[in-house]
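# A look at the structure
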Amino acid sequence: MPPPERIDTATVIARAVSIVDRDGVDALSFRRLAGECGVTAMALYRHVRDKDELLDRVVEQVLGEFVIGPPATGRWREQLTEFFLQARRMFLDHPGIAAICMQRPTPVTAVGQIYERVLEGLTQGGITGQDAVYAFDTLLMFMFGSVLWELPRSELERERLLRLALAEPADTPQLIAHATELAHRNAADYYEQGLATILDGLETRRDATRQP
């Protein structure tokens, strides 16, 4: 038998990210990762303590690369819009990471940096305290919802739903009236529209609280 491959922690985490990207988080096990790394499963414990730490390191690897960049510029709305557009694209490229973030808390440095950047943008827009936390959660859940909703859907599934509606037109008048729009939705356009709607609402609420 050939000698076991010598491997460092960075390579272990990179190969774990690759498994999650290709096959989803459920496919990531110590046995599978060991096979990818050419070592025994026990050898992985030199690099990570347990499965929880492995998942934390996987998230840190991907999000850490995302949050590295020049300081945000422009008005607070422009900052937040660009941030959440980029975040959506990143999670669409790494859907398994989105699933991990939704399934479990991941207290790593990169997550803290995301909190900091979003809350800083909201503060610049005059949204602070509890309102800022509500706004942060709303924006985050909308972004994750958009990603996880989009991944399994295609034009074919939408057309199947509409064919079912057409079979009972008396019961589904609104589905039929909006059939063209529903069947040919562009997920990126809808995400931008929804993001703008949320930010409009935040501005309206902020202005209402400022009035005497």
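Above this text you will find the structure in question.
Residues numbered from 1 in each chain as written. Predicted model: local features only at pLDDT ≥ 70, side-chain atom pairs only at ≥ 80, totals over all residues. Heavy atoms only, no water.

Helix and strand content of the chain: 11 helices and zero strands. Traced from its N-terminal end to its C-terminal end, the chain shows the element sequence α-α-α-α-α-α-α-α-α-α-α. Relative to a compact globule of 212 residues, whose C-alpha radius of gyration would be 17 Å, the chain shows 22 Å and is clearly more extended. Projected onto its principal axes, the C-alpha positions of the chain cover 70 × 55 × 25 Å. Here the chain holds 212 residues, and 38% of them are scored as buried. Expressed as a percentage of contacts within the chain between residues at least 6 apart in sequence, the contacts between residues at least 24 apart total 70%. Of the accessible surface of the chain, which amounts to about 12700 Å², a share of 54% is contributed by carbon and sulfur atoms. Here the chain contributes 23 positively and 31 negatively charged side chains, and the mean placements of these two sets differ by 4 Å. (Helix = DSSP H or I, 4+ residues; strand = E, 2+ residues; numbered from the N terminus. Rg over C-alpha atoms; globule rule 2.2 N^0.38 Å. Buried < 20%, exposed > 50% of the residue type's maximum accessible area, 1.4 Å probe, protein only. Contact = heavy atoms within 4.5 Å. Areas by Shrake-Rupley, 256 points an atom, 1.4 Å probe, with all protein chains shown as cover. Lys, Arg positive; Asp, Glu negative; His and termini not counted. Charge placed at Lys NZ, Arg CZ, Asp CG, Glu CD.)

With their axes 8 Å apart at the nearest point, helix α4 (residues 76–93) and helix α6 (residues 109–124) run at an angle of 150 degrees to one another. With respect to α6, the element α4 is oriented roughly antiparallel. Crossing of α4 against α6: the hand is left-handed. Counting all contacts with α4, which are made through W76, Q79, L80, F83 and F84, the residues of α6 involved are I114, R117, V118, G121, L122 and Q124. (Axes fitted to C-alpha atoms, helices over the stretch in contact; angles between N-to-C directions. Parallel < 35°, antiparallel > 145°, perpendicular 65-115°, else oblique. Left-handed = near helix turned anticlockwise from the far one by under 90°.)

A cluster of nonpolar side chains, contributed by M102, M141, L148 and L151, occupies part of the molecular surface with about 330 Å² of accessible area. As for its placement among the helices and strands, L151 is situated in the loop between α7 (129–150) and α8 (155–167). (Patch = residues over 30% accessible without salt bridge, like charges linked within 9 Å, V, L, I, M, F, W, Y side chains within 5 Å. Salt bridge = Lys/Arg side-chain N within 4 Å of Asp/Glu carboxyl O.)

Another point: the nonpolar core. L28, L33, L54, F84, F91, L122 and M143 are the most contacted members of the largest nonpolar core, which has 57 residues in total. Elements with a minimum of two residues in this core: α1 (9–23), α2 (30–37), α3 (51–67), α4, α5 (95–103), α6, α7 and α11 (187–210). With residues up to four places along the chain from it excluded, the contact list for L122 reads W76, L80, I127, A132, A135, F136, L139 and L202. (Core = buried A, V, L, I, M, F, W, Y, C linked by side-chain atoms within 4.5 Å.)

As a further point, take the pattern of salt bridges. Inspection of every chain in the model, using the stated rule, returns 14 salt bridges. The salt bridge involving D52 is made with R104; its shortest N-O contact spans 3.5 Å. In this pair, D52 sits in helix α3 while R104 sits in the loop between α5 and α6, placing the two residues 52 residues apart along the sequence. A salt bridge links R206 to E203; the nearest nitrogen and oxygen atoms lie 3.9 Å apart. With R206 and E203 both in helix α11, this residue pair falls three residues apart, about one helical turn. Both residues of the pair, R206 and E203, count as buried. Through salt bridges with shared partners, a single network forms among R77, D200, E203, R206 and D207.

On to the packing of α3 against α4, then. Their axes nearest at 11 Å, the elements α3 and α4 cross at an angle of 145 degrees. The way α3 lies across α4 gives a crossing that is right-handed. When α3 is examined against α4, the residues V62, L63 and F66 are found in contact with a partner set consisting of F83, Q86, A87, M90 and F91. Partitioning the contact of α3 with α4 into residue classes produces seven nonpolar, one polar and no charged. (Nonpolar A, V, L, I, M, F, W, Y, C, P; charged D, E, K, R; others polar.)

Structurally, the position occupied by Y45 is in the loop between α2 and α3. Expressed as a C-alpha distance, the spacing of Y45 and F30, which sit 15 residues apart in the sequence, is 9.2 Å.

Topologically, R77 is positioned in helix α4. In contact with R77, other than residues within four places in its own chain, are A196, L199, D200 and E203.

Let us look at α6. An ideal rise of 1.5 Å per residue puts 22 Å on 16 residues; α6 measures up with 23 Å between its terminal C-alpha atoms. Lining the buried residues of α6 we find α3, α4, α7 and α11. (Expected span 1.5 Å × (residues − 1).)

Read these as spatial facts, not as claims about activity.
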